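# Remarks on the overall topology
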Amino acid sequence: GEHNHGDAGGAYTLLSNAMRLVAHIGVELRDDVFMFFLGGVFGLTSVPFAFDVLTRALVWELNNRVLHGRCIMFVDDGLIVTLRHHEEADIVAIRLKVTGLLGPDAMAEDKLVQALLRNNNIDFIGYNLCLRTQFVTIAKHNLLKALYAFGTADVSPGASLPVKTLQRLASLGSRYGGICRLMRPFVRVLYAAYTGRQPQALVPLDDLTRRVITLFKVLLVMTSAFPTRFATPFAAFTVYQPCWVCEFDASLEGIGIIWYHRRADGLECPVAYTDVDITPLGFTNRSQLQNTAEYLAGFFAALGLAIMGKAHLPSLFRGDSMSALTWIEKGSVRSDTAIKAAMLWAQAAVQCRMVVTGTSFISGLDNYKTDRLSRHGSWAEVVQLDAEKQGGESRLPPNLPRLEVHPTPILEICNPAVSIE
């Protein structure tokens, strides 16, 4: 197959507006000042929104009427996949369609990249798609920009950085956290460093922010040098049917988990369970730490998959905490107390090649099995409770094996009272 990348030339100058419509595109600024644009201006919020109409029109025309292959577009950047013997014909067809809709100079010929399968890779919207390794990494010119930004940031003791510099570093960390998962838990540190500051302010760096900037610089180098260890595989962007379901719940004193194997027909068969005492964390009577406890329960569920040798298989995480489920999906947290758990989550995801297919919310009333385990209930009590819920007969095996997840070192790291240098 062929992978081709094209670009609409001067996308933001291809739009203009009839004079009678200008009144509808006024942009309100501060102090009752309005600005009216007669043509597309790069950076105007409404322009990508308006250009999306053209993007969707082009994608529909190309995929339904023109191409032998398939096309996707991101604003004005297009990626086309087609068979080798259709390549030239598809390029001609694209050129005719784009110039016919947007004008004779609308196709940026200098940005047309044809990547034969034997060339192994292609750059697209700042990322590199390597066909040989099946990994997504960072395009070289973007990597150099990011390395320059992090490498020139002064992280010496007592140093300060402008708010704009921290904003740029946080933006880069957020963007490339999609490529290197180990970055994701720490992006929040960079955003928090300048939140509430005036745009022209200098921000004194605390020890954690300095370490995160250094860590990101190292991870950018490692992602470039060892992409199959630190970058993201194509498989991470593929939707799989889960083979395993991790159902979990947490109280402020304990965690309960049940692992199910999901068969091809959708039937879920319990395989193992566990309960973890988290009283050493000191969460008791601190309700604000409930989401952290739930998120930690999700991590122990992932750890259990790794212990069983199943972490590389598609898995679904099911619980009754929307915050914890969102943090699992995004790989980042919105809680200072959960950041160490997020660090462990990232390590597990990378080292165990975890394939998390998604998350599923279950109401607290329906999550009674793991809820009982999280409150130090026995498996026999869970089976009895399930029998009551089912009208007399439980669906659970009475002798399900308990999986030992060896929680002590994890709890020592995640204890809010312990500083991890």
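Just above, that's the structure.
Nothing here was measured: the structure is a model prediction, and the numbers come from that model.

Packed helix pairs are specified by the crossing angle of their axes together with the interaxial distance, meaning the distance between the axes. The contact between helix H3 (residues 140-151) and helix H6 (residues 207-225) brings their axes to 9 Å, and the two run at 155°. When the axes of H3 and H6 are compared, the pair comes out roughly antiparallel. Remark: the crossing between H3 and H6 carries left-handed chirality. Residues Leu143, Ala146, Leu147, Phe150 and Gly151 of H3 form the contact with H6, whose participating residues are Ile213, Phe216, Lys217, Leu220, Val221 and Ser224. Among the residues forming the contact of H3 with H6, the class breakdown is 8 nonpolar, 2 polar and 1 charged.

Before going further, it helps to examine the packing of aromatic side chains. In the structure shown here, the tally under the stated rule is 9 aromatic pairs. When the ring of Phe317 is compared with that of Trp345, the centres are 5.5 Å apart and the planes differ by 65°; the resulting orientation is edge-to-face. One end of the pair, Phe317, is in strand E16 (residues 315-319); the other, Trp345, is in helix H10 (residues 339-351), with 28 residues separating them in the sequence. Residue class for Phe317 comes out buried when judged on its relative accessible area of 0%. A residue is classified by how much of its surface remains accessible, and Trp345, at 1% relative accessible area, is buried. Pairwise contacts between aromatic rings join Tyr295, Phe299, Phe300, Phe317, Trp327 and Trp345 into one cluster.

So, on to the pairing of strand E7 (residues 121-124). Side chains Ile122 and Phe124 project from E7 onto a buried face, and the interleaved Asn121 and Asp123 project onto a face without burial. Where E7 lies against strand E8 (residues 127-130), 4 bridges are found, and the strand directions are antiparallel. The residue bridging Asn121 from the neighbouring strand is Cys130, located in E8. Adjacent in sequence and paired antiparallel, E7 and E8 are bridged by 2 residues, among which Ile125 carries a positive phi angle near 40°.

Going through the model one piece at a time under the given rule, you end up with 13 salt bridges. Across the salt bridge formed by Arg402 and Asp275, the nearest N and O atoms sit 3.0 Å from each other. Taken together, the residues span a long stretch of sequence, with Arg402 in the loop between helix H12 (379-389) and helix H13 (408-414) and Asp275 in strand E15 (residues 268-277) at a distance of 127 residues. Its relative accessible area of 24% is what places Asp275 among the partly exposed residues. For the salt bridge of Asp386 with Arg395, the shortest nitrogen-to-oxygen distance reads 3.4 Å. Overall, the relative accessible area of 0% leaves Asp386 in the buried class. What you see here is one network of salt bridges that share partners, running through Glu247, Arg262, Glu268, Arg318 and Lys369.

For H3, built from 12 residues, the straight-helix expectation of 16 Å at 1.5 Å per residue is met to within 8% by its first-to-last C-alpha distance of 16 Å. Taken as a whole, H3 has its buried residues at Asn142, Leu143, Ala146, Ala149 and Phe150. Down the axis of H3, the buried side of the element spans an arc of 130°, and every buried residue falls inside it. Of the exposed residues in H3, those oriented more than 90 degrees away from the buried face are Lys140 and Tyr148. Along its buried surface, H3 packs onto strand E9 (135-138), helix H4 (163-176), helix H5 (184-194) and H6.

Quick look at the sheet that holds strand E13 (residues 244-250) now. The strands making up a sheet are joined through hydrogen bonds of the backbone, oriented either antiparallel or parallel. Sheet architecture is open: 5 strands sit in the order E15-E14-E13-E16-E17, paired in mixed fashion. Looking at the sheet topology across the chains shown, the edges are occupied by E15 and strand E17 (356-361). Within the sheet, the average angular offset between the axes of one strand and its neighbour, ignoring direction, is 20°. Bridging between strand E14 (residues 254-262) and E15 involves 9 bridges; their strand directions are antiparallel. Considered in E15, the bridge of Ile255 is made with Val276. Its contacts with the sheet place helix H9 (residues 322-330) against E13, E16 and E17, and it is angled at close to 170° to E17.

The 4 strands are arranged E7-E8-E9-E12 in an open sheet whose pairing can be described as antiparallel. A single partner strand is all that each edge strand has here, and the edge strands are E7 and strand E12 (232-233).

With that out of the way, let us pick up the side chain of Glu247. Mapped onto the secondary structure, Glu247 falls in strand E13. One polar contact links Glu247 to Arg318, side chain to side chain, over a distance of 2.8 Å.

Moving on to unusual backbone geometry. Even without being glycine, Ile125 reaches a positive phi, approximately 40°. Secondary-structure assignment places Ile125 in the loop between E7 and E8. Residue classification places Ile125 among the partly exposed residues on the basis of a relative accessible area of 27%. In this structure, Asn285 takes a positive phi of about 65° despite not being glycine. With respect to the helices and strands, the residue Asn285 is situated in the loop between E15 and helix H8 (290-307). Note on Asn285: relative accessible area 75%, which makes it exposed.

Definitions and cut-offs
- Residues numbered from 1 in each chain as written.
- Predicted model: local features only at pLDDT ≥ 70, side-chain atom pairs only at ≥ 80, totals over all residues.
- Heavy atoms only, no water.
- Axes fitted to C-alpha atoms, helices over the stretch in contact; angles between N-to-C directions.
- Helix = DSSP H or I, 4+ residues; strand = E, 2+ residues; numbered from the N terminus.
- Parallel < 35°, antiparallel > 145°, perpendicular 65-115°, else oblique.
- Left-handed = near helix turned anticlockwise from the far one by under 90°.
- Contact = heavy atoms within 4.5 Å.
- Nonpolar A, V, L, I, M, F, W, Y, C, P; charged D, E, K, R; others polar.
- Phe/Tyr/Trp six-rings, centres within 6.5 Å; stacked < 30°, edge-to-face > 60°.
- Buried < 20%, exposed > 50% of the residue type's maximum accessible area, 1.4 Å probe, protein only.
- Pairing = 2+ DSSP bridges.
- Salt bridge = Lys/Arg side-chain N within 4 Å of Asp/Glu carboxyl O.
- Expected span 1.5 Å × (residues − 1).
- Arc of directions from axis to C-beta.
- Polar contact = N/O pair within 3.5 Å; in protein donor to acceptor, adjacent residues only side chain to side chain.

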